[in-house]
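# Reading the structure
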Amino acid sequence: MGTLSFASGPSLLPPEVLDLVAHDIKDCRGSGRSVLALPFTSVEFTSILHGAEQSIRQLLQIPDGYHVLFMQGGASSHFSLLPMNLLGNRLQADYVESGLWARRAIAAAKSWCAVNVSARGDRSAMPGPGEWIISRQSAYCHITTNETAEGLQLHDWPQEIGVPLVADMTADLFTRPVPIERFGLVYASAQKNLGAAGLTVVIIREDLLDRAHKGTPPPLNYTRQAAAGSKVNTPPTMAVAVAAHMLSWVARQGGLAAMEARNWRKSEMLYAAIARSRFYSCAAAPQHRSMLNVCFHLPSKELDQLFLHEAESHGLLDLCGHVEIGGIRASLYNAVPQEAVERLVAFMADFETRRG
Ligand SMILES: *Cc1c(COP(=O)(O)O)cnc(C)c1O
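The paragraphs below set out a description of the structure included in this document. Nothing here was measured: the structure is a model prediction, and the numbers come from that model.

About the thresholds
Residues numbered from 1 in each chain as written. Predicted model: local features only at pLDDT ≥ 70, side-chain atom pairs only at ≥ 80, totals over all residues. Heavy atoms only, no water. Near = heavy atom within 4 Å. Polar contact = N/O pair within 3.5 Å; in protein donor to acceptor, adjacent residues only side chain to side chain. Areas by Shrake-Rupley, 256 points an atom, 1.4 Å probe, with all protein chains shown as cover. Helix = DSSP H or I, 4+ residues; strand = E, 2+ residues; numbered from the N terminus. Buried < 20%, exposed > 50% of the residue type's maximum accessible area, 1.4 Å probe, protein only. Pairing = 2+ DSSP bridges. Expected span 1.5 Å × (residues − 1). Arc of directions from axis to C-beta. Contact = heavy atoms within 4.5 Å. Axes fitted to C-alpha atoms, helices over the stretch in contact; angles between N-to-C directions. Left-handed = near helix turned anticlockwise from the far one by under 90°. Nonpolar A, V, L, I, M, F, W, Y, C, P; charged D, E, K, R; others polar.

Below, the discussion takes up the site of the ligand. Around the ligand, 14 residues are found, and the nearest of them are S76, T148, D168, S189 and K192. Taking S76, its side chain carries an N or O atom lying 2.6 Å from an oxygen atom of the ligand. T148 is positioned such that a nitrogen or oxygen atom in its side chain is 2.4 Å from an oxygen atom of the ligand. Contact with the protein chains covers 86% of the free accessible surface of the ligand, which is 390 Å². No other element matches the four residues that helix α3 (residues 74-86) contributes to the shell around the ligand.

Our next topic: the pairing of strand β9 (residues 185-189). By the criterion of burial, β9 is predominantly enclosed, with five of the five residues buried. Burial of the side chains of β9 extends over both faces: L185, Y187 and S189 are buried on one face and V186 and A188 on the other. In terms of strand pairing, β9 meets strand β10 (residues 200-205) through five bridges, oriented antiparallel. Bridge pairing in β10 links Y187 to V202.

To continue, consider helix α2 (residues 43-60). Compared with an ideal rise of 1.5 Å per residue, which puts 18 residues at 26 Å, α2 spans 26 Å between its outermost C-alpha atoms and is within 8% of the ideal. Of the residues making up α2, those classed as buried are F45, I48, L49, A52, S55, I56, L59 and L60. Down the axis of α2, the sector holding all buried residues measures 125 degrees, keeping them to one side. Among the exposed residues of α2, those oriented more than 90 degrees off its buried face are V43 and Q58. Elements that come into contact with the buried residues of α2 comprise β2 (66-71), β10, α6 (237-252) and α7 (256-276). With its phi angle positive at about 50 degrees, Q61 sits one or two positions after the end of α2.

What follows concerns unusual backbone geometry. The step from G9 to P10 runs through a cis peptide bond, and the omega angle for that step is -15 degrees. The topology assignment puts P10 in the loop between β1 (4-5) and α1 (15-26). Phi at F174 takes a positive value of approximately 75 degrees, unusual for a residue other than glycine. Inspection of the secondary structure puts F174 in the loop between β8 (165-168) and β9. On the basis of relative accessible area, F174 is assigned to the buried category, the value being 2%.

Looking at the element boundaries, T144 is found in strand β5 (residues 141-144). The class for T144 is buried, based on a relative accessible area of 3%. Contact partners of T144, with chain neighbours within four places excluded, come to S98, W101, A102, M126 and D168.

One way to put it is that α1 packs onto α6 with a least axis distance of 10 Å and a crossing angle of 145 degrees. Judged by the twist between their axes, the crossing of α1 over α6 is right-handed. Residues E16, V17, L20, V21, D24 and I25 of α1 form the contact with α6, whose own contacting residues are M238, V242, H245, M246, W249 and R252. Split into classes, the residues belonging to the contact of α1 with α6 amount to eight nonpolar, one polar and three charged.

Remember, this is a structural readout, not a statement about activity or role.
In structure tokens:
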């Protein structure tokens, strides 16, 4: 019985993607060079980057007028880069305070502008578009489509909201179809559904360029990166190569609608197991639950700890909840197989019989 990881990031990669990456490390695309030693200006890397961009455009059906940027820094750096790049001459931005990650984005933005909190959620619910009160003075409105720590997800896409809509999709980009045309900017770190840490994908509508603060470092300036094809300086080449393989893998699974169906099958199996039991419970209300992070707890903190300990000895790893939330969290990103959930559900039933 092998081990299975439910890590919230960096998370699993499919075995066939790992094989391709292993091959690239020795000899990338017949170049006679390791992907780790491929100049970013080379024909081979240019073709990898271009292929990754084309896959992103096709999978998400991105309309004309958007740039796809391959950047560094992780979502947390972009929490500061968003106001630096998007405020222009505005002094305020709107934020939906849906959970832990939204709070971190708000804290970073406050160094740059006034923040108007459009709506506030709690551990059980994420505020939907109908509850957002947005100021027209704002340069943009920022949302977090999946709150990874609490296990909440936005399930209704907003209509026109009057200001550019900006979304942190770090936990759920490439797990389901997204109407990109409703967004001014979407960003995601790669280590959850798109491969390796070190890459942040930014999809930005053209009219949001040319607003950056003049002190923005060029590699972190969306306008400069758009003009330079993400090559202002050395991009995270290895992480881009991994993402290119992951994107092709997602396309081979049938694309984003097929990915969404698979991902829901996994999480619904786990939510159903929790619903059948009086031992396990989930704070998130059913209509707000995340397809990707199933957060639950046992009747006491001591039992949570015992559960985590025994799960680990059964090869079920990285099930610990976010440090600020506690409890158990099973992250079921794109590469996590159905079999992993089946094993977890079987272990949960056994644990409940013995300890419940
Ligand atoms: C994981 C996560 C982040 C943090 O990403 P980093 O790349 O570590 O900065 C931010 N937002 C959301 C929604 C996440 O799930």
